[in-house]
Amino acid sequence: GDNLKIIARCGVGVDNIDIEYAKSQNIKVTNSPSANLISVVELTIALIINAARKINLSENHLKEGKWNRKEFIGIELSGKQLGIIGFGKAGRLVSERMKSFGMSVAFYDPYVQGWDGPEKNLELDELLSSSDVISIHVIKTEETRNLISKEKLDLLKKSAILINTSRGGVVDEDYLIEMLRSKQLFG
């Protein structure tokens, strides 16, 4: 990139760009926070449905020539609580769409003050322990790094689904994998 003049990030945040190095090389850095907003929202919803209905797991099982139906009984989303961590543009659009599935919505976002909408504004621990599906929509900062730590993951219901369409490093991925393998989490 000897002739690089600009780095344009199509999405929220620039935490995955070495800003200081770019400045030292006189490279402009910009982002377009809404460029892929609807795509992220739709992907989040697809991942929620996939996890709830175990679509990819049952498909792979069937492709192996097996069919143990009882192993792939999913859950209905209707009547369940969706907990959203980060109630910005993406979080709010996910909320709007998932209400049509009959889900109630709660959120955690320390930057949203005086909320008077229908969604419940909860503290993080309460959100994690009371939600059936948790969807994460935060940028990666020092404040959000390992936000969903081992201790926080232990608050989740055994029947919970966790979706992270934000950044790696926000969740303790190693412990999350351990929880999934030992069936301490639905998906």
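Residues numbered from 1 in each chain as written. Predicted model: local features only at pLDDT ≥ 70, side-chain atom pairs only at ≥ 80, totals over all residues. Heavy atoms only, no water.

**A short note on the overall build of the protein chain**
Then, in step 1: Scanning the protein chain for helices and strands turns up seven helices and seven strands.
Then, in step 2: Expressed along its principal axes, the backbone C-alpha trace of the protein chain runs to roughly 60 × 50 × 30 Å.
Then, in step 3: The buried share among the 187 residues of the protein chain stands at 39%.
Then, in step 4: Considering only residue pairs separated by 6 or more positions, the protein chain has 56% of its internal contacts joining residues 24 or more positions apart.
Then, in step 5: When the accessible surface of the protein chain is totalled, it reaches about 11000 Å², and 51% of it is carbon and sulfur.
Then, in step 6: With 25 positive and 25 negative side-chain charges, the protein chain shows a separation of 6 Å between the mean positions of the two kinds. (Helix = DSSP H or I, 4+ residues; strand = E, 2+ residues; numbered from the N terminus. Buried < 20%, exposed > 50% of the residue type's maximum accessible area, 1.4 Å probe, protein only. Contact = heavy atoms within 4.5 Å. Areas by Shrake-Rupley, 256 points an atom, 1.4 Å probe, with all protein chains shown as cover. Lys, Arg positive; Asp, Glu negative; His and termini not counted. Charge placed at Lys NZ, Arg CZ, Asp CG, Glu CD.)

**Quick look at the sheet that holds strand S5 (residues 120-121)**
Then, in step 1: With respect to topology, five strands assemble into an open sheet ordered S5-S4-S3-S6-S7, the strand pairing being parallel. Looking at which strands have only one partner, the edges of the open sheet turn out to be S5 and strand S7 (161-164).
Then, in step 2: Alignment of strand S6 (residues 133-136) against S7, held across four bridges, turns out to be parallel. Among the inter-strand pairings, Ile134 is bridged to a residue of S7, identified as Leu162. (Pairing = 2+ DSSP bridges.)

**Quick notes on helix H7 (residues 173-181)**
Then, in step 1: Turning to H7, its buried residues number three or more, namely Tyr175, Leu176 and Met179. Around the axis of H7, the buried residues are gathered within 105 degrees of arc, so they sit on the same side. Turned more than 90 degrees off the buried face of H7, the exposed positions are Asp174 and Arg181.
Then, in step 2: The inward-facing, buried residues of H7 abut helix H6 (150-153) and S7.
Then, in step 3: Following H7 by one or two positions, Lys183 adopts a phi angle in the positive range, close to 60 degrees. (Arc of directions from axis to C-beta.)

**So, the packing of aromatic side chains**
Then, in step 1: Following the criterion strictly, the structure yields four aromatic pairs and no others.
Then, in step 2: Plain terms: the ring middles of Phe87 and Phe107 are 4.1 Å apart, the flat faces sit at 5 degrees to each other, and that makes the pair stacked. Taken together, the residues Phe87 in the loop between strand S3 (81-85) and helix H4 (89-99) and Phe107 in strand S4 (residues 104-108) connect sequence positions 20 residues apart. The pair formed by Phe87 and Phe107 is uniform in burial state, with each residue classed as buried.
Then, in step 3: Judged by centre distance (5.3 Å) and plane angle (90 degrees), the ring pair of Phe87 and Trp115 falls under edge-to-face. (Phe/Tyr/Trp six-rings, centres within 6.5 Å; stacked < 30°, edge-to-face > 60°.)

**Section: the environment of Asn121**
Then, in step 1: As for its placement among the helices and strands, Asn121 is situated in strand S5.
Then, in step 2: Residue Asn121 is classed as partly exposed on the basis of its relative accessible area, which comes to 37%.
Then, in step 3: Along the backbone, Asn121 and Ser166 are 45 residues apart, and their C-alpha atoms lie at a distance of 20 Å.
Then, in step 4: Setting aside residues no more than four positions away along its own chain, Asn121 makes contact with Phe107, Asp109, Val112 and Trp115.
Then, in step 5: In terms of polar contacts, Asn121 uses its side chain to reach the backbone carbonyl oxygen of Val112, at 3.5 Å. (Polar contact = N/O pair within 3.5 Å; in protein donor to acceptor, adjacent residues only side chain to side chain.)

**So, the packing of helix H2 (residues 37-53) against H4**
Each pair of packed helices gets described by two things: the angle between the helix axes and the distance between those axes.
Then, in step 1: Interaxial distance between H2 and H4 falls to 9 Å at its minimum, and their mutual angle equals 50 degrees. In terms of axis orientation, H2 runs oblique to H4. Note that H2 runs across H4; the crossing there is right-handed. Contacts from Leu37, Ile38, Val41, Thr44, Ile45 and Ile48 of H2 reach H4 at Lys89, Ala90, Leu93, Val94, Arg97 and Met98. (Axes fitted to C-alpha atoms, helices over the stretch in contact; angles between N-to-C directions. Parallel < 35°, antiparallel > 145°, perpendicular 65-115°, else oblique. Left-handed = near helix turned anticlockwise from the far one by under 90°.)

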